[in-house]
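# Structural features, examined
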Amino acid sequence: MPMEYALKEVWTGVAVIAVMFALFYYIGWWSSKKTASEDDFYAAGFSIGPVTNGLSMAATWASLATFLGVIALILKLQVPFVYLWIQWAISIPLLTLLYGTSLRRMKAFTPGTFIKARYGNGATLVIAGWMMLIMVMYALGQMIGLGQAFEILFGVPYNTGLIVAGLATLGFITMGGMYGASYNAAFQMIIMILAMIVPMGVIMKKMGASGWWFPPLAYGDMVPEMLKAIPTFFDMKYDYRWYFALIPAFTLGPVALPHLAMRVFTSSSIKSARWAMFWFAVFLGTLFTGCYTAGFAGNFFTATTGAKIAKPDQILLIMNVYYNPGLIAAFVIGGAMAAGLSTVGGNLMAIAGLMGNDLLGVLAPNMDKRAKMKWGYVTLGASGLIAILLAFKPPAFLVTSILWAFGLLATTVSPGILLGVWWKEANKLALMISSIVCGIIYIVISPHVLPSICIGKGIVAALGMSGGLVTVPLSFALFILGSLSFNRIGALSAWAPTLEDRKVIDRIHGWGADYDEKRYNNNTWAIAAAVVCIGITYWGLQPWA
Amino acid sequence: MKEKLYKKEVWITVVFTVLLMLMGHFAQIFVIFPGLKGGRLWGFPVEYIVPILMGWFGLAIVCLIQTVVCNKFDDELDEFVKSQKPEQVTVKTGKG
């Protein structure tokens, strides 16, 4: 009989989840009283301190996948997937370093605010459109996971679980705006760490690890037994290109994730944003390392007990039911739900910011701030409802893989933000062309839409690694070379960066009124980067083993 | 002075970008230099545990240093800006 998760003490589970939601609603209600302006609604009044923000950043990044999907994928790919997961942790530090503090200096609500200031309305429609598509995919994935969590916890049909979990979630997120999303996320991160680490200690002890008192790192004495059970577990199974492809596909995409960037923008100051990044690394590292332990334990459990796991996503829950009391197992699923809730909160706030602030700023520039904030609330609620409705019968394309969507973001959005902040020559038309063309190429060469036109195969193609290795550098190269060309064609002068556009760059780097044309204007490095990118694109086009 | 500050900003950004990438992608070192594999640390193969440690403690240490260095640089830049003629800093709303 295949093993599936089944919590016998259903009412214990109900009680744990009810208490958690009561606390989330209380925080949402308390936060709603602080929300009086656009600054409050989109950026928590630029007031979140470093430790709280570090917790919120980690919670926003750690999604349901941390408790469900990743452990299943470690079962499938073993240690290489651990390597894939480790690099997620550099996203917010990299984002903070490369553009987060600059955009915080201009008091941006979303990266779209910068795109509008730097490139104008046309580019904002393109870039914000891509970001919204990816945020909807992300939120949809979390909604599906929340529905499934209710399904397996309470034994109710998926649709019922989806409606209850979805609406309950939407309620407290919409109520609290960014204040609520921030404080709730911080609280949810504490739940996540406890739910991941403490029960794993008990599991590791029962599995025979002498270092059960510190599950993240002290299970080395189980390695010989693991190697007997699964001799290939620690093998680095792939060639160098596989590991390199993690950079364009999975590092450069999350750098542009609007819900992560928005966490940086909520900081009480630029210096506070940097301290938050440090705390983020500490908290997320703790959770992720616990997650790798769970992946190790999951492999060990299946190999040594001979259990056939019908739904690998449930392996953490199965181990908890197997080794721990019902109350602990219910708390673990509560931790998984907290992971989903904090991420969906960030996703919906990003959609609200992109729509209510950036797109409405383009479509209805004269709308007053109060009306824009109301539209923000409406968008927040509506986008959540859309995610719930889509989750009833999700289009296969949208749920294929959120990991795949990171490559799409790296292709379409990251070049515009990174080059926009660091290079004065970045041209509006070149951005739109490179973003649209390379975004379409990325979709076409993936196996999800036109399987007959695909670069790479198997999981490498499905996760967007092979596609990203082609289109991300191509997008950078096209943007750079397009900018250099278009800026020198008289007929296209309307798209060239104006003096005011270039001044934006100096200001957001902190130079105040001091403007210097030579700063952030090195074309030699830009051309060198384009040449390297073309080389990487060519490398990406070579057949995959 | 401002030329020196600009160069410093670029160098800080390049160095910490490289360090962050190294912390997140440390496994690549073991692919590029396979001779480093085979050792043991706390019972684990080094190619497993070292990338994990780099992605947690290594990253936290880099972030700590980055925070201190970048915040100090901000102070220097602020001092320079204050020494210039004061002017309102605004951001253009832009048109396509």
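Procedures and definitions
The residue numbering used here restarts from 1 in each chain and proceeds along that chain's sequence as written. The order in which chains are written sets their letters, starting at A; the order in which ligands are written sets their numbers, starting at 1. Local features are withheld for residues below a pLDDT of 70 in this predicted model, meaning they are given only at 70 or higher, and side-chain atom pairs are given and counted only at 80 or more; totals for whole chains, interfaces and linings count all residues. Here the side-chain values reflect all heavy atoms present in the structure, with hydrogen atoms and water set aside. Surface patches are drawn from residues lacking salt bridges whose relative accessible area is over 30%; two like charges belong together within 9 Å, two nonpolar side chains (Val, Leu, Ile, Met, Phe, Trp, Tyr) within 5 Å. Here the accessible surface of atoms and residues is derived via Shrake-Rupley with a 1.4 Å probe, and residues count as covered only by protein chains that are part of the display. Basic side-chain nitrogens of Lys or Arg form a salt bridge, by our definition, when they fall within 4 Å of a carboxyl oxygen of Asp or Glu. Helix and strand assignments come from DSSP, with helices taken as H or I runs of at least 4 residues and strands as E runs of at least 2, each series counted from the N terminus. Any pair of residues with heavy atoms lying within 4.5 Å of one another is described as a contacting pair. Throughout, the accessible surface (probe 1.4 Å) given up by two parts as they are put together, summed over both, is called the buried area. Pairs of N or O atoms are called polar contacts if they sit within 3.5 Å, as long as, within protein, a hydrogen donor faces a hydrogen acceptor (for residues adjacent in sequence, only side-chain-to-side-chain pairs). Between rings of Phe, Tyr and Trp, where Trp is taken as its six-membered ring, a pair exists when centres lie within 6.5 Å; planes separated by under 30 degrees are stacked, by over 60 edge-to-face, and by other angles tilted. Note on exposure labels: buried denotes an accessible area under 20% of the residue type's maximum, exposed denotes more than 50%, and partly exposed covers the range between, all computed with a 1.4 Å probe on protein chains only. For a ring to carry a charge above it, either NZ of a lysine or CZ of an arginine must fall within 6 Å of the ring centroid while also lying within 35 degrees of the normal to the ring plane.

### Let's talk about a nonpolar patch on the surface
On the surface, a nonpolar cluster with roughly 560 Å² of combined accessible area is contributed by W275 of chain A together with F57, I61, L64, I65, V68 and V69 of chain B. The leading source of residues in the nonpolar patch is helix α3 (residues 46-83) of chain B, at six residues. Structurally, the position occupied by W275 of chain A is in helix α15 (residues 270-305).

### Points about the interface of chain A and chain B
How big an interface is tends to be expressed through the accessible area that disappears when the partners come together. Each partner contributes residues to the interface: chain A has 65 residues there, and chain B has 57 residues. When the two sides are added together, the surface that chain A and chain B hide from each other amounts to roughly 5300 Å², 69% of it contributed by carbon and sulfur. Interface area lost by chain A to chain B is led by L97, L217 and W511 of chain A, which between them contribute 13%. Connecting chain A to chain B are four salt bridges. Between K2 of chain B and D514 of chain A there is a salt bridge; the shortest N-O distance is 3.4 Å.

### A word on the environment of T113 of chain A
Residue and element names in this part refer to chain A. Along the chain, T113 turns up in helix α8 (residues 111-119). Here the alpha-carbon distance between T113 and G361, two residues 248 residues apart in the chain, equals 9.1 Å. Once you skip the residues sitting within four places of it in the chain, T113 turns out to touch M106, A108, N357 and D358. Within the structure, the side chain of T113 is placed 3.2 Å from the backbone nitrogen of F109, a separation counted as a polar contact.

### A closer look at the packing of aromatic side chains
Residue and element names in this part refer to chain A. As enumerated under the stated definition, the model contains 49 aromatic pairs over all chains in all. Aromatic pair Y179 and Y183: ring centres 6.3 Å apart, planes at 15°, arrangement stacked. Of the two residues, Y179 and Y183 both sit in helix α10 (residues 158-207), four residues apart, roughly one turn of that helix. Taking relative accessible area as the criterion, Y179 reaches 8% and is therefore assigned buried. Within the aromatic cluster, the residues linked to one another by ring pairs are W61, F81, W85, W88, Y138, F250, F288, Y292 and F406. The residue whose ring lies beneath R118 is Y119, and the NZ or CZ to ring-centre distance is 5.0 Å. When the ring centre of W212 is taken as reference, the NZ or CZ atom of K205 above it lies at 4.6 Å.

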